[in-house]
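Fold and contact review
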Amino acid sequence: MAADPALEEFEAHRARLFGIAYRMLGSAADADDVLQDAWLRWQAVDRSAVQAPAAFLARTVTNLCLTALTSARARREVYVGPWLPEPVLTGPAGTDLGPLDQAEQRDSVSFALLTVLERLSPPERAAYVLREAFAYSAAEVAELIGTSEANVRQLHARARRRVSGAGAAPREADPARLRELVETSLDASRGGDLAALEALLSEDVVARADGGGVVSAGRRPVEGREKVARYVTGVVDRFAGGLQRALVEVNGVPAAAFTDGTSLRAVLVVQTRDGRVSALDLVLNPDKLAHAERQLSRIGALPGREG
């Protein structure tokens, strides 16, 4: 069968396009929808008139995301319980976000940052994502989102101030230490060792569970070392007792995936500050686990499920 030049060109840019859409929307499912729409537009355009396919596709995806953010915000206003980003496997388990070789690239997909980005206006979010995560110049961003270079600089500066003011926790500098914290916290939780778990938690630690009204989960964050320790051990005892646990890389950091052998049931992402756990984000909503479940299936981590 003859190669399809349009498809080959699109696939060459897919990782970057998905990376833009995911950071813009915080949702792998919505990012997939945007890429499907972008592909349809790419098929329909007179490609002989497109001088820079990469720029054309980036502009198409960015503007589709700006439109999608309006409806996404409306949905999140009525979302049941805490809203968390959709987890995406990175590292050896998946490359959907492209390479995350640098600290800045990993920080740009962290749960902490993606949650903070929800507070930005769509244009602010576009300016921040394109400049911070993809190193586009202000002039290039202006071309992508259809505004002036001066306005992009203002949008970017405002977004940076809001992100900085929100106090998003920095990524743990030592991945080995983070893996140790994840595993030790889970072991203490499963063993019901409250004292050991509390020793790993920061005083102002917060735990969030995203069930989306589909899976039973706390509808408000739990805050404070003692309350979080009791809450987490209770969740592990009630929910995770019969599940298999695997340490994976999610959004650029070590995390825990809980499976029943055929399905992904939960993903736990841990944030740290000063060597202690500062946040525990548990994604339970099956709709938000579908993308990561397909990734696990592709690498054979869910042998009972076809990819």
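Residues numbered from 1 in each chain as written. Predicted model: local features only at pLDDT ≥ 70, side-chain atom pairs only at ≥ 80, totals over all residues. Heavy atoms only, no water.

Comments concerning the overall build of the protein chain
A count of helices and strands for the protein chain gives 13 helices and 6 strands. Relative to the compact-globule value of 19 Å for 307 residues, the protein chain shows a C-alpha radius of gyration of 20 Å, a close match. Judged by the C-alpha coordinates and their principal axes, the protein chain covers about 65 × 50 × 35 Å. Taken over 307 residues, the protein chain has a buried fraction of 49%. Within the protein chain, counting contacts between residues at least 6 apart in sequence, those at least 24 apart form 68% of the total. (Helix = DSSP H or I, 4+ residues; strand = E, 2+ residues; numbered from the N terminus. Rg over C-alpha atoms; globule rule 2.2 N^0.38 Å. Buried < 20%, exposed > 50% of the residue type's maximum accessible area, 1.4 Å probe, protein only. Contact = heavy atoms within 4.5 Å.)

Considering the packing of aromatic side chains
Across all of its chains, the model carries 3 aromatic pairs by this definition. Where phenylalanine 18 meets tyrosine 22, the ring centres are 6.2 Å apart and the plane angle is 5°; that geometry is what we call stacked. With phenylalanine 18 and tyrosine 22 both in helix H2 (residues 14–25), this residue pair falls 4 residues apart, about one helical turn. For phenylalanine 18, a relative accessible area of 4% translates into the label buried. Here tyrosine 22 falls in the buried class, since its relative accessible area comes to 0%. The ring centre of tryptophan 42 lies 5.8 Å from the NZ or CZ of arginine 47, which sits over that ring. (Phe/Tyr/Trp six-rings, centres within 6.5 Å; stacked < 30°, edge-to-face > 60°. Lys NZ or Arg CZ within 6 Å of the ring centre and 35° of its normal.)

Considering the sheet that holds strand E3 (residues 244–250)
Judged by pairing direction, the sheet is mixed, and its 6 strands sit side by side in the order E2-E1-E6-E5-E4-E3 without closing on themselves. Among the strands making up the open sheet, the edge pair consists of strand E2 (222–223) and E3. Here strand E5 (residues 264–273) runs beside strand E6 (residues 276–283); their pairing, made up of 7 bridges, is antiparallel. Pairing of valine 270 across the sheet is with leucine 280, part of E6. Each of E3, strand E4 (253–259), E5 and E6 touches helix H10 (residues 175–190); the most contacted strand, E4, lies at about 35° to it. Along the sheet, helix H13 (residues 286–298) contacts strand E1 (201–210), E3, E4, E5 and E6; its crossing angle with E5, the most-contacted strand, is approximately 100°. (Pairing = 2+ DSSP bridges. Axes fitted to C-alpha atoms, helices over the stretch in contact; angles between N-to-C directions.)

Examining unusual backbone geometry
Residues other than glycine seldom take positive phi values, yet alanine 135 does so here, at roughly 60°. Mapped onto the fold, alanine 135 is located in the loop between helix H7 (122–133) and helix H8 (138–145). Of note in the backbone geometry, asparagine 251 takes a positive phi value of approximately 50° without being a glycine. Checked against the element boundaries, asparagine 251 lands in the loop between E3 and E4.

A closer look at the nonpolar core
Ranked by internal contacts, the top residues of the largest apolar core, which has 50 residues, are Met24, Val61 and Ile145. Those elements giving two or more residues to this core turn out to be helix H1 (5–12), H2, helix H3 (28–44), helix H4 (53–77), helix H6 (111–117), H7, H8 and helix H9 (149–166). The element that contributes the greatest number of residues to this core is H4, accounting for 8 residues. Contacts of valine 61, omitting those with residues within four sequence positions, involve Leu17, Ile20, Ala21, Val34, Leu35 and Ala38. Among the nonpolar cores identified, the runner-up in size contains 44 residues, and Leu181, Leu200, Leu201 and Ala255 belong to it. (Core = buried A, V, L, I, M, F, W, Y, C linked by side-chain atoms within 4.5 Å.)

Here's the deal with the pairing of E5
Within E5, 8 of the 10 residues are buried, leaving the element largely enclosed by the surrounding structure. As paired elements, E4 and E5 share 5 bridges and run antiparallel to each other. When the sheet's bridge partners are listed, phenylalanine 258 is paired in E5 with alanine 266.

Concerning the pattern of salt bridges
Any two side chains of opposite charge can pair, so long as their charged atoms come close to each other. Summed over the entire model, instances satisfying the criterion amount to 16 salt bridges. One salt bridge in this structure joins arginine 160 and glutamate 132, with 3.3 Å as the shortest N-O distance. In this pair, arginine 160 sits in helix H9 while glutamate 132 sits in helix H7, placing the two residues 28 residues apart along the sequence. Classification of arginine 160 by relative accessible area gives partly exposed; the value is 47%. On the accessibility criterion, glutamate 132 (31% relative accessible area) is partly exposed. A single network of salt bridges, built from pairs that share partners, joins Arg76, Glu118 and Arg125. (Salt bridge = Lys/Arg side-chain N within 4 Å of Asp/Glu carboxyl O.)

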